[in-house]
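Secondary and tertiary structure notes
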Amino acid sequence: MALRKLTANYDIVVVGGGLAGLFAAVAAARQGANVAIVQSRSMFGGNASSEVRMHIVGADCHASKDNMRETGLIEELLLKNKQRNPYASFPVFDTMMWEMAYQQEHLTSYLNTAVQDVVMDGKNIRSVICYQYTTETEVHLSADIFVDATGHGTVGVLAGAKYRIGTESKYEFSEPSAPEVSNNHCMGDSLLFSARDRGEPVKFVAPEWAYHFSEEDLAIRPHTSRMVFNASDGSVYSEKKAGSRQLPDYYDSTSGYWWIEVTGHGDEMTRDSEIIRDKLIRCVYGVWDHLKNVGDHGVENYDLDWVGIVPGHRESRRLDGDYVLTENDILANRVFPDAVAYGGWPMDVHCDGGIFSKQPSVAVSYEGSYTIPYRCFYSKNIGNLMMAGRDISTSKMAFSSTRVMGTCAVGGEAVGTAAALAIKHGCTVADVGRNHIQELQQTLLKNDCFIPGFRNEDPLDLARKASISADSETETGKAVNVINGISRSTEEGSNCWISKPLKNGPVTLSLKLPQAETLSQLRITFDSNLSKSIMPSITRKAMEHQVKTLPLELVKDYDVQFVYQNQIVMEKNIRGNGQRLNIHKLDKLCCDEVRITVRETYGHESARVYEVRLY
Ligand SMILES: Cc1cc2nc3c(=O)[nH]c(=O)nc-3n(C[C@H](O)[C@H](O)[C@H](O)COP(=O)(O)OP(=O)(O)OC[C@H]3O[C@@H](n4cnc5c(N)ncnc54)[C@H](O)[C@@H]3O)c2cc1C
């Protein structure tokens, strides 16, 4: 019983406001569904929020795989953040995510609200029962479709969804890197910290409850740039050995360590969450004590600036879908016919025991990327339940790659888009995969999501029939690329219109339609350099590798002319563009030609346009 009670009904309820849940909710609302998002804490973003401060990585592996950065809603958010938050303050980034949810039409947010129970109707969830502690209110939300983006799979477990936890043996899915025997080890929770150089020596007096770590305890945990790294087995040493190389300069002691990690077995990861957090606090202060007071780690002038108190969760349950993604799919760079998302991060399984273990954590790297089929995103036994984020249907090996936030983000956008399609067609979420998968894939591509192996085949896009020309183009950047259906560079080519240098004056791209058409929308996809990172990070070196401003390649100022029988019927002048995907809504405008004139970029010498669509 609570002091107040609130009941509401939606098309779709998303539970969990990490990046996966946030983008699922925003995507569904943008498709016109009536959506609610329930988030147990006071802000969105999950591990990317200022509570945890993990930087978002994904298929591009810290910009080491070219042109692989995720686009769609995540790109929109990160570009907006670059424009308005150039020094990447995490609390400011929190507001960007809050704004994205709160300004979204058709989306209602319930912050500080946790789902505690579900009401079932046979094999479907009828409603979730939540508690919003700030208002002392019990909140009952019913919907046609529920999305579990809790990370833990809490809604699924409450509803009786089939799930897996721990690690499969190598025989279950014939996975080469899985262990001989299955186990219930889960990767652990972590707390990060950040430290600042105060320009003078700063003493650190360790609290009496802090753990004590000797140099031997941390011998294989990279905690100073003086340590070296052995690429053959992933281990680190405090002294140079054959085949080892210097650690990357990310390990500079100022932004915490992923290996300050307390692991568990099976349900311990949620049941013992409070105990794990307390141990982590003792670990963080113990490691800082080690850095400051046990030998010389080059941190004499450093001072703790921020210490997390909300642990980031790495692993708990994975809900079973109609397909379980495995290591073999990843190693084969598999392109599924029902692909809706993709990943490319290494299979990054941490050792059992975390910081207290004497084993190194070894990641399995591979070339290229893989797709994730739609069948991984809905429950195999609960009819109206979808999953987004950490709890999608994968083996442990595949999970160790799909768990990173860039991959969770694009999966979340696919789930929200699919849920809205199910509402539109009045069908089940599984039926979207059986009967509407092309519509789902094409909608995602239209919204600037990337699905390797798929291209724009939207029959409603009038630009695909236009004749394309430009007053300036280059050998590798022909104007006609803007309708080749692929809106990023790939191994096959640039897929981009690249003009000659703008120093000679503005350049114009023209799309001439075979006959006059009544247009309601123009969509332009510019280049935002998908080979460089743009996420906020507490790691100084990660920020130093980024441009502080918007990507230099991005078009800043441009004009659009809508032309009918050689007369300009409407003109738009855009100044200070900050986005890759630009959508211009038109009021049923009759024209037979569209001209796009690029005047200035944020620094790059040429105009670069990947795609133009007309509806
Ligand atoms: C220390 C650490 C380091 C990592 N390093 C990286 C990295 O460098 N880059 C990277 O991209 N990924 C990294 N990962 C992985 C990544 O952060 C997670 O896998 C990812 O955040 C999962 O996204 P999610 O949206 O599924 O869950 P989360 O980000 O955990 O979000 C889930 C949200 O659901 C909410 N929630 C939970 N239960 C309920 C409920 N019952 N009712 C309502 N709301 C609920 C929570 O408040 C939470 O905000 C790391 C993880 C950890 C722990």
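About the cut-offs
- Residues numbered from 1 in each chain as written.
- Predicted model: local features only at pLDDT ≥ 70, side-chain atom pairs only at ≥ 80, totals over all residues.
- Heavy atoms only, no water.
- Near = heavy atom within 4 Å.
- Polar contact = N/O pair within 3.5 Å; in protein donor to acceptor, adjacent residues only side chain to side chain.
- Areas by Shrake-Rupley, 256 points an atom, 1.4 Å probe, with all protein chains shown as cover.
- Nonpolar A, V, L, I, M, F, W, Y, C, P; charged D, E, K, R; others polar.
- Phe/Tyr/Trp six-rings, centres within 6.5 Å; stacked < 30°, edge-to-face > 60°.
- Lys NZ or Arg CZ within 6 Å of the ring centre and 35° of its normal.
- Helix = DSSP H or I, 4+ residues; strand = E, 2+ residues; numbered from the N terminus.
- Contact = heavy atoms within 4.5 Å.
- Salt bridge = Lys/Arg side-chain N within 4 Å of Asp/Glu carboxyl O.
- Buried < 20%, exposed > 50% of the residue type's maximum accessible area, 1.4 Å probe, protein only.
- Core = buried A, V, L, I, M, F, W, Y, C linked by side-chain atoms within 4.5 Å.
- Pairing = 2+ DSSP bridges.
- Axes fitted to C-alpha atoms, helices over the stretch in contact; angles between N-to-C directions.
- Parallel < 35°, antiparallel > 145°, perpendicular 65-115°, else oblique.
- 1 Å grid on protein atoms, 1.4 Å probe; cavity = no way out; pocket = protein on both sides within 12 Å on 5 of 7 lines; lining within 4 Å.
- Points joined across faces, edges and corners; volume = space filled by probe spheres on them.
- Left-handed = near helix turned anticlockwise from the far one by under 90°.
- Expected span 1.5 Å × (residues − 1).

**Regarding the site of the ligand**
Surveying the vicinity of the ligand reveals 31 residues, the closest of which are Ser40, Asn47, His55, Arg403 and Met405. A distance of 3.5 Å is found between an oxygen atom of the ligand and a backbone nitrogen or oxygen belonging to Ala20. Out of a free accessible area of 990 Å², the ligand has 93% covered by protein chains. Among the residues forming the shell around the ligand, the class breakdown is 13 nonpolar, 14 polar and four charged.

**Considerations on the packing of aromatic side chains**
For the structure shown, the criterion picks out 16 aromatic pairs. In this structure an aromatic cluster arises from ring pairing among Phe193, Tyr257, Trp259 and Trp288. Above the plane of the ring of Tyr163 lies Arg317, whose end atom (NZ or CZ) is 5.9 Å from the centre. Here the guanidinium or amino end of Arg488 rests over the ring plane of Phe450, the centre of that ring lying 4.0 Å away.

**So, the environment of Leu513**
Examined against the element boundaries, Leu513 turns out to sit in strand S23 (residues 507-526). Separated by 413 residues in sequence, Leu513 and Met100 have C-alpha atoms that sit 36 Å apart. With residues near it in sequence (within four places) discarded, Leu513 still touches Leu462, Ala466, Cys591, Asp592 and Leu614.

**Things to note about the pattern of salt bridges**
This model, assessed by the stated rule, comprises 38 salt bridges. The closest approach of N and O atoms between Glu168 and Arg164, which form a salt bridge, is 2.9 Å. We note that Glu168, like Arg164, is buried. For Asp329, the salt bridge identified is with Arg334, shortest N-O distance 3.0 Å. Judged by its relative accessible area of 3%, Asp329 falls in the buried class.

**Description of unusual backbone geometry**
Backbone geometry follows two general trends: most residues other than glycine have a negative phi, and most peptide bonds adopt the trans configuration. One non-glycine residue, Asn529, lies in positive phi territory at about 50°. When its relative accessible area of 17% is taken as the criterion, Asn529 is described as buried. The phi dihedral of Asn566 falls on the positive side, at around 65°, and the residue is not glycine. Position of Asn566 among the secondary structure elements: in the loop between strand S24 (555-564) and strand S25 (567-574).

**Digging into the nonpolar core**
Val13, Leu141, Tyr374 and Met386 are the most contacted members of the largest nonpolar core, which has 133 residues in total. At eleven residues, the largest contribution of residues to this core is made by helix H9 (residues 405-425). Ignoring sequence-local partners within four residues, the contact set of Leu141 consists of Ala8, Tyr10, Val13, Val38, Tyr110, Arg126, Ser127, Val128, Cys130 and Phe146. Ala195, Leu218, Ile260 and Leu304 belong to the second largest nonpolar core, which has 25 residues in total.

**Concerning the pairing of S25**
Examined bridge by bridge, S24 and S25 share seven bridges and lie antiparallel to one another. If you follow Val560 over to S25, its bridge partner there is Lys572. In this antiparallel pair of consecutive strands, S24 and S25, the connection spans two residues, and Gln565 shows a positive phi of 45°.

**Here's the deal with the packing of helix H1 (residues 19-30) against helix H2 (residues 73-84)**
Two elements in contact, H1 and H2, have axes whose closest approach is 10 Å; the angle formed by their N-to-C orientations is 105°. By the criterion of interaxial angle, the relationship of H1 to H2 is roughly perpendicular. Facing Leu19, Phe23, Val26, Ala27 and Arg30 of H1, the residues of H2 in contact are Leu73, Ile74, Glu76 and Leu77. The class makeup of the residues in the contact of H1 with H2 is seven nonpolar, no polar and two charged.

**Examining the side chain of Ser273**
Residue position: Ser273 is located in helix H6 (residues 273-293). Other than its neighbours up to four places away in sequence, Ser273 contacts Asp189, Glu268 and His313.

**Focus: the side chain of Glu51**
Mapped onto the fold, Glu51 is located in the loop between strand S2 (35-38) and H2. Glu51 gets classed as buried once you look at its relative accessible area, which sits at 13%. Separated by 3.0 Å, the side chains of Glu51 and Arg41 make a polar contact. In this structure, Glu51 is in contact with Arg41, Met43, Gly46, Trp306, Gly308, Ile309 and Val310, ignoring residues within four places of it in sequence.

**Regarding the layout of surface pockets**
One number sums up the size of the second largest pocket: a volume of about 780 Å³. Contributions of two or more residues to the lining of the second largest pocket are made by H1, H2, H9, helix H11 (437-446), S23 and strand S26 (581-601). Broken down by element, the residue count for the lining of the second largest pocket peaks at five residues, all from S26.

**Side note on the packing of H9 against H11**
Put simply, H9 and H11 touch, their axes get as near as 10 Å, and they point 130° apart. The orientation of H9 with respect to H11, classified from their angle, is oblique. Viewed along their axes, H9 and H11 form a crossing whose handedness is right-handed. Packed against H9, whose contacting residues are Glu413, Ala414, Thr417, Ala418, Leu421, Lys424 and His425, the element H11 presents Glu439, Leu440, Thr443 and Leu444 at the interface. Classifying every residue of the contact of H9 with H11 gives five nonpolar, three polar and three charged.

**A word on H9**
For H9, with 21 residues, the first-to-last C-alpha span of 30 Å sits near the 30 Å given by 1.5 Å per residue. Count one or two residues on from H9 and you reach Gly426, which has phi positive near 60°.

**Looking at H6**
Taking 1.5 Å per residue, 21 residues should reach 30 Å; H6 reaches 30 Å between its end C-alpha atoms and fits that length. Within two residues after H6, Gly295 carries a phi angle of roughly 75°, on the positive side.

**Re the environment of Ser177**
Mapped onto the fold, Ser177 is located in the loop between strand S7 (163-165) and strand S8 (185-190). With relative accessibility at 34%, the residue Ser177 sits in the partly exposed group. Residues Ser177 and Met100 lie 77 residues apart in sequence; the distance between their C-alpha atoms is 40 Å. Beyond its immediate chain neighbours, meaning those up to four positions away, Ser177 contacts Glu327, Val364 and Met397.

**A look at the environment of Arg53**
Here Arg53 is to be found in the loop between S2 and H2. When the C-alpha atoms of Arg53 and Val563 are compared, they prove to be 49 Å apart, with 510 residues separating the residues in sequence. For Arg53, the contacting residues outside a window of four places in its chain are Asn47, Phe90, Pro91, Leu192, Trp306 and Ile538. Of the polar contacts made by the side chain of Arg53, one reaches the backbone oxygen of Ser50; its length is 2.8 Å.

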